[in-house]
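Structural characterization, general
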Amino acid sequence: MKAGIITFGSAHNYGALLQAYASQKYLQNLGYDAYIINYRPEAIDKVYRLYKIKPTKSFVRRTVRTLKAHIKTKTKDKWKITKYNNFEEYINHTLNVTNKCLTLKDLKKSNFKFDVLIAGSDQIWNTELTGGFDSSYFLNFGKNSAVRIAYAASLGADDIDRSYEALYRNYLKKFDYVSVREKSMVDIFQPLADKEIEVTVDPTLLLDKSDFDSLKMKSRYENQKYIYAHFIGAEPKVTEFADWFSINMGVPVLHNRNQGRFENELDFHYLERPEQLISMVENAEMIISNSFHLTVLALIYHIPFITVPHKTRPERMRNLLQMVGLENRLIEDVRIMPDPSTLKIDWDDVDRRIKLERIGSVEFLNKALNNGKVLSKSNYFLSGDKFECCGCGLCKSICPKDAITMKADDEGFVYPVIDNDKCINCKLCERECIYHNPIKTEKKPMKSKVYAAVNKDKGILSQSSSGGAFSAMYKYVLSNGGYIVGVRYDKNMRAVYDISNNAKVCEEFRGAKYVAAYVGDIKERVKEKLDTGALVLFVGNPCQVSALKKYLKKDYDNLIITEFICHGTPSPKVFKGYIKSLEKKYKSKVVDVKFRDKRISWDNSCITVYFEDGTVKSEPIVHNNYTRAFRSKYDDRPSCYNCEFTGNTKQSDFTIGDFWGVKKTHPEVNAENGVSIIKINTKKGLDFFDNISDSLDLYESSYKEAYRFNHKSPIELTQMRFEFMNQIDDMDMDKLLLKYNTHKNKETSDKKVIDGTI
């Protein structure tokens, strides 16, 4: 999808251009083809011209004044030319911009085909800056069907010019969604709007350090020590603070004003591009500024700073520093400088606060970018929303040009990436995506039959997660020369879907794996076996079942499909990190993990880890750091939080899972070693069931009884999920999991860990 952003994208101002980059980069990270609309109105562009001349109606005088200004710039102020060219290079080549538009008329003539139009951030609604009311910044252009969003728009004043009130009221209706940057603006605009006004963070706070690192360029001051002073206007207090710290730290000052301002001055920079500003901040000993965006960069790069309140716009700085718990860094006068010992910064706490504050803004954008509706045609390919992708890999399997690969994101979950050079724009991936596009079921589906089931073989029962229903199924299929599809660990302890007719391999399919499994080419391999006439039993997540059925396009008589009751799919990256932390701790390679070991009992099961050197570590799952995260839903795939496959779905022949609460619904069942739910959904499933029923102790039940204490709705999304996932690269995984382990006895002790040997 294409998105257009209108902001102060032509301003030769570091903050304005960094926030423009941030808006574009964030959308690009979501998969949007994002552009900065290259709107260059007179009111903005005239501020940054190479030279300014006194207005006159006389053509001759205007020509003479222009010539004099040009000569003066070329001979005495060459640095202005370098600076101007640097900013223009950034605008026209670093940013992804549209054709140049000077007026609203130009914008309308351009006939942009954007699916999404975004106004903001920056003071785009400040009529003093825009030369009066400019409806361009209220998206008064573009196709009617485009979703129109105001993101972190700002007024830069305490109130609107009341002469423009009717215009604000009228043009606010253009937006489908509106958010502003300062809390005070809600009170100003809410009475004028026909929709809720929300508060969102500046776009620069949506990005991580790695995003700015990808933009950063080296500066010529990289190997020097300095305090960096950045001025918005001629603010003398910035000079006073920079001088104070320079004297006390014995470090010279680098700054962006005219030369000769400081007693100990390194340089006044004028050649640095916006990309190089990031390097100057990253390498500074200290930042002194009255700039909001310099403060943001200092926070992102963990550089000590003092922020001087802006004379006319102090609120956003105050809000920012309150948000990160650093209000004491906003100081108005050097004479009231706090004791330096009180200015220490806990950067981990700062990062945590930023990530938490970011959540509401991300949720606003997710809602707005999807137009606030759950559309039948909406999916990841149309929206770029990770909450709309199950990672099933169907798109990759059906692509006629092999143009799609599944690549892991920063959380470790895979998403489709399209090679545009191969793509023929057939839209097959969009049409067939399983999100909000369910498989067609029988018009009059069979009423499900439900049983509580316990495998009669005590050995099988002890090795199963629940009641051994799956084992009964796969053993029958193997005895008839068939193949089993399930999830096992590969040699690198990665959970993978696999297909086999080997009994030893099929034993590895038993047991719960609390991690998202790698799908690979399993659908293609299943079809290959089916086409030979072999009997195949497929057991997997409900979303994978849906993907398989869509891939096959027809019902095979020799295919038995079983879905298990899924409670969410945790991040493979988190699991890998946890395994690594265990290997580091116990100095041996992990070779197996059993998440539902019944060495204590079924309803008080353990996670048991087997190491290459024969060591075995087992811990009740109610205490274990990894399983507590799984139970708390901190690390699941985004789509799991709005899963469409929970409850009484009937897309498979069988549904199996743990029969939780069986003691209350069926007290006659011996539940000590585990009990399975078997829900039979199809006539084919009922016929197959006749072949395995003799190996099970069965107790007839109902959907209501079986799901009374079971998973029947999507898992709940909480702020803690975002907070946790945003830290998975920051520390040892077991320590991070411990940090978020909410169990009152979370600390692992010798009493809780059961040691043994294989």
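The model shown is predicted, which means the values in this text are computed figures rather than measured ones. (Residues numbered from 1 in each chain as written. Predicted model: local features only at pLDDT ≥ 70, side-chain atom pairs only at ≥ 80, totals over all residues. Heavy atoms only, no water.)

**With respect to the overall build of the protein**
Of regular secondary structure, the protein possesses 28 helices and 25 strands. Principal-axis analysis of the C-alpha atoms gives the protein an extent of 105 × 60 × 45 Å. Per-residue burial over the protein gives 56% buried out of 758 residues. For the protein, long-range pairs separated by at least 24 residues make up 70% of all intrachain contacts whose partners lie at least 6 apart in sequence. With the model as given, the accessible surface of the protein reaches about 34,000 Å², and the carbon-plus-sulfur share is 48%. Charge separation in the protein, taken as the distance between the mean sites of 116 positive and 99 negative side-chain charges, equals 4 Å. (Helix = DSSP H or I, 4+ residues; strand = E, 2+ residues; numbered from the N terminus. Buried < 20%, exposed > 50% of the residue type's maximum accessible area, 1.4 Å probe, protein only. Contact = heavy atoms within 4.5 Å. Areas by Shrake-Rupley, 256 points an atom, 1.4 Å probe, with all protein chains shown as cover. Lys, Arg positive; Asp, Glu negative; His and termini not counted. Charge placed at Lys NZ, Arg CZ, Asp CG, Glu CD.)

**What about the packing of aromatic side chains?**
Considering all chains together, one arrives at 41 aromatic pairs under this definition. Taking the centre distance of 5.6 Å and the plane angle of 85° together, the rings of F8 and Y137 count as edge-to-face. Here F8, found in the loop between β1 (2–6) and α1 (14–29), pairs with Y137, found in the loop between β3 (116–119) and β4 (147–153); they are 129 residues apart in sequence, far enough to count as distant. Pair check on accessibility: F8 and Y137 agree, each one buried. Of note, K513 hangs over the ring of Y489, and the distance from its end group to the ring centre comes to 6.0 Å. (Phe/Tyr/Trp six-rings, centres within 6.5 Å; stacked < 30°, edge-to-face > 60°. Lys NZ or Arg CZ within 6 Å of the ring centre and 35° of its normal.)

**Looking at the sheet that holds strand β17 (residues 536–540)**
The mixed open sheet is built from eight strands, whose spatial order is β16-β15-β17-β18-β22-β23-β14-β24. Every other strand in the sheet has two partners, leaving β16 (495–500) and β24 (696–701) as the edge strands with one partner each. Neighbour-to-neighbour, the strand axes of this sheet turn through a mean angle of 25°, independent of strand direction. Pairing geometry for strand β14 (residues 449–455) and strand β23 (residues 676–680), over five bridges, is antiparallel. Across the sheet, the residue bridging to V450 is K679, located in β23. Strands β16, β17 and β18 (559–564) of the sheet are contacted by helix α21 (residues 542–552), whose axis makes an angle of about 155° with β18. (Pairing = 2+ DSSP bridges. Axes fitted to C-alpha atoms, helices over the stretch in contact; angles between N-to-C directions.)

**Looking at helix α18 (residues 469–479)**
A469, F470, S471, A472, M473, Y474 and V477 are the residues of α18 that are buried. Two residues or fewer after α18 comes G481, characterised by a positive phi angle close to 75°.

**Here we look at helix α6 (residues 165–172)**
Within the sequence span of α6, burial applies to Y168, Y171 and L172. Buried residues in α6, looked at end-on, bunch into an arc of 100°, giving them a common side. Those residues of α6 that are buried lie in contact with α7 (184–189). (Arc of directions from axis to C-beta.)

**As for the pattern of salt bridges**
The final tally for this structure, using the stated rule, is 38 salt bridges. For the salt bridge of K663 with D603, the shortest nitrogen-to-oxygen distance reads 3.4 Å. Taken as a pair, K663 in helix α24 (residues 662–665) and D603 in the loop between β19 (590–597) and β20 (606–611) lie far apart in primary sequence, 60 residues in all. Residue K663 is classed as exposed on the basis of its relative accessible area, which comes to 51%. Each of D159, R162, E165 and R169 takes part in salt bridges that share partners, so that together they form one network. (Salt bridge = Lys/Arg side-chain N within 4 Å of Asp/Glu carboxyl O.)

**Points about unusual backbone geometry**
Cis geometry marks the peptide bond from G120 to S121, where omega comes out at 5°. Take S121: it is sitting in the loop between β3 and β4. With a phi close to 70°, K553 is a non-glycine residue in the positive phi region. K553 sits in the exposed class, given a relative accessible area of 72%.

**Description of the sheet that holds strand β7 (residues 227–230)**
Think of a sheet as strands paired side by side through backbone hydrogen bonds, with each pair either parallel or antiparallel. Spatially, β9-β8-β7-β10-β11 is the arrangement adopted by the five strands of the open sheet, whose pairing is parallel. Of all strands in the sheet, those with a lone pairing partner are β9 (265–268) and β11 (305–307), marking the two edges. For this sheet, the mean angle separating the axes of adjacent strands, direction not counted, is 15°. Across three bridges, strand β8 (residues 253–255) lies against β9 in parallel orientation. Residue pairing across strands places V253 opposite E265, the latter belonging to β9.

**Quick notes on the nonpolar core**
Counting 68 residues, the largest nonpolar core has Y228, L277, L299 and F305 as its most contacted members. Setting aside anything within four residues of it in sequence, one finds Y228 in contact with L254, H255, N256, H269, L277, M280, A284, M286, I287, I288 and L294. The next biggest cluster of nonpolar side chains, apart from the first, holds 61 residues, and it includes I434, V545, L548 and V590. (Core = buried A, V, L, I, M, F, W, Y, C linked by side-chain atoms within 4.5 Å.)

**Observations regarding the side chain of N379**
Counting through the fold element by element, N379 comes out in the loop between α13 (347–369) and α14 (380–383). In this structure the side chain of N379 is engaged in a polar contact, spanning 2.9 Å, whose partner is the backbone oxygen of E430. In contact with N379, not counting residues within four places along its chain, are G384, E388, E430, C433 and Y435. (Polar contact = N/O pair within 3.5 Å; in protein donor to acceptor, adjacent residues only side chain to side chain.)

**Side note on the pairing of strand β22 (residues 654–658)**
Most of β22 sits inside the fold, with five of its five residues counted as buried. Examined bridge by bridge, β18 and β22 share three bridges and lie parallel to one another. Paired with T562 across the two strands is F654, which belongs to β22. Bridge count for β22 against β23 is five bridges, and the pairing is antiparallel. Looking across to β23, one finds that I656 is bridged to I678.

**Section: the pairing of strand β12 (residues 404–408)**
Two strands pair when backbone bridges link them, and β12 and strand β13 (residues 414–418) are joined in this way by five bridges, in the antiparallel orientation. Paired with K407 across the two strands is Y415, which belongs to β13. Taken together, β12 and the strand that follows it, β13, pair antiparallel across an intervening segment of five residues, in which G412 is found at a positive phi of about 95°.

**Side note on the state of the cysteines**
Tallying each qualifying case throughout the model produces zero disulfides. The thiol of C426 is not disulfide-bonded; the next cysteine sulfur, from C399, is found 6.2 Å away. Judged by its relative accessible area of 28%, C426 is partly exposed. The thiol sulfur of C543 is not disulfide-bonded, and the nearest other cysteine sulfur, from C390, lies at 4.8 Å. (Disulfide = S-S within 2.5 Å.)

**A closer look at the environment of D734**
Mapping D734 onto the fold places it in helix α28 (residues 733–739). Judged by its relative accessible area of 17%, D734 is buried. With 493 residues separating them along the chain, D734 and F241 place their C-alpha atoms 43 Å apart. Once residues lying within four places of it in the same chain are set aside, the contact partners of D734 are Y578, S581 and N625.

**Re the side chain of R40**
Tracing the sequence through the fold places R40 in the loop between β2 (33–36) and α2 (42–45). R40 gets classed as buried once you look at its relative accessible area, which sits at 6%. A distance of 3.1 Å separates the side chain of R40 from the side chain of D45, its partner in a polar contact. Among the polar contacts listed, one links the side chain of R40 to the side chain of E88, at a separation of 2.7 Å. When sequence neighbours within four positions are dropped, the list of residues in contact with R40 reads S10, H12, D45, E88, I91, N92, K100, C101 and L102.

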